[in-house]
Amino acid sequence: MKSIRKRRNGYALLFSASICLAVWLGATFMLEAVFAFGAISLIFLLLLVRQSRLLYDATLIWDNRILAVPSALISMPGRQMKKDTEETVVSTFGILIGSEIYRWGLDGVHGVRLHTAHIDQERMYLTFGDAAQTMRVELLHGMTQKQAVLDAAQKLLHETGVTADIIGW
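My aim in this report is to walk through the structure given alongside it, one point at a time. Values in this document were obtained by computation on a predicted structure and should not be read as measured data. Each residue is numbered by its place in its chain's sequence as written, counting from 1. Reporting in this predicted model follows two pLDDT cut-offs: at least 70 for local features of residues, and 80 or more for side-chain atom pairs to be given and counted; totals over whole chains, interfaces and linings ignore these cut-offs and use all residues. Note: side-chain values were computed over all heavy atoms of the structure, leaving out hydrogens and water.

It is worth spelling out the pairing of strand β4 (residues 100–103) at this point. Moving residue by residue along a regular strand, the side chains alternate between the two faces of the sheet. By the convention used here, strands pair only if DSSP detects at least 2 bridges between them. Segments assigned H or I by DSSP are reported as helices when at least four residues long, segments assigned E as strands when at least two residues long, and all are numbered from the N terminus. With four bridges joining them, strand β3 (residues 94–97) and β4 adopt antiparallel strand pairing. Directly across from I97, in β4, lies its bridge partner E100. In textbook terms, the turn of a hairpin is the stretch between consecutive antiparallel strands, and for β3 and β4 this stretch comprises two residues, one of which, G98, has a positive phi near 65 degrees.

Next up, the structure:
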């Protein structure tokens, strides 16, 4: 989430600098440069709005977290990648893996949904996706007590409607 916030702040700084340059060049009657910096300002504004939405989504996921773990293994049909990030957060609204956000439940019946959750003694496996693509995330959860696992499974059921299969406890 820090990287998303840092990128948003960078876009805000670049946007304000380009606006100041466009105004200054407009005052000195350099019209070609004003149009160029105006176009650059518009691009930075669009990037700023996009990054602000990402930060809002990340904050929503962070504030409603069910489980936070240090790393994740993401697999899709045909490829597999490991993400060692500052933190992976599973939430009611999606999953935040470093600076990548995977949201579920936005587009109604046809959108991305959390399909299954499996919890064993070392890992939690989440499968989510839509009709076109399915992803599987493997999280090293670090829970050592059965009650913590049952609490996480209860939160998943209550918040997402998905019953977690608890294996080996």
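Don't stop here, the text continues.
This paragraph deals with the nonpolar core. Nonpolar side chains in soluble globular proteins tend to end up buried together. Take the buried residues of types Ala, Val, Leu, Ile, Met, Phe, Trp, Tyr and Cys, join any two whose side-chain atoms come within 4.5 Å, and each joined set is a nonpolar core. Here the term buried applies to any residue with accessible area under 20% of the maximum for its type, exposed to any over 50%, and partly exposed to those in between, with areas from a 1.4 Å probe on protein chains only. I95, L126, F128, V137 and L139 are the most contacted members of the largest nonpolar core, which totals 26 residues. Secondary-structure elements contributing two or more residues to this core are β1 (65–76), β3, β5 (113–119), β6 (123–129), β7 (134–140) and α3 (146–160). Counting residues per element, this core draws most heavily on β1, at five residues.

Geometry of aromatic contacts follows a simple scheme: Phe, Tyr and Trp rings, the Trp one being its six-membered ring, pair when their centres are within 6.5 Å, and the pair is stacked under 30 degrees between planes, edge-to-face over 60, tilted otherwise. Within this structure, the stated rule accounts for two aromatic pairs. Geometrically, the ring pair formed by Y102 and F128 is tilted, given 5.8 Å between the ring centres and 55 degrees between the ring planes. Here F128 lies in strand β6 and Y102 lies in strand β4, a separation of 26 residues in the sequence. Given the relative accessible area of 16%, Y102 is considered buried. Looking at F128, the relative accessible area reads 2%, which means it is buried.

Here a salt bridge means any side-chain nitrogen of Lys or Arg lying within 4 Å of a carboxyl oxygen belonging to Asp or Glu. All chains considered together, the criterion is met by three salt bridges. A salt bridge links R123 to E122, with the shortest nitrogen-to-oxygen separation between them at 3.2 Å. R123 is paired through a salt bridge with E138; the nearest N and O atoms lie 2.5 Å apart. Pair noted here: R123 is in strand β6 and E138 is in strand β7, with a separation of 15 residues, a long-range link. Residue classification places R123 among the partly exposed residues on the basis of a relative accessible area of 27%. Connected via shared salt-bridge partners are E122, R123 and E138.

A separate point is the pairing of β7. Of the two faces of β7, the one lined by M135, V137 and L139 is fully buried and the one lined by T134, R136, E138 and L140 carries no buried residue. Bridge count for β6 against β7 is seven bridges, and the pairing is antiparallel. Residue pairing for β7: G129 is matched across the bridge by T134. Linking β6 to β7, which pair antiparallel, is a turn of four residues.

So far we have only geometry, and geometry alone does not tell us how the molecule works.
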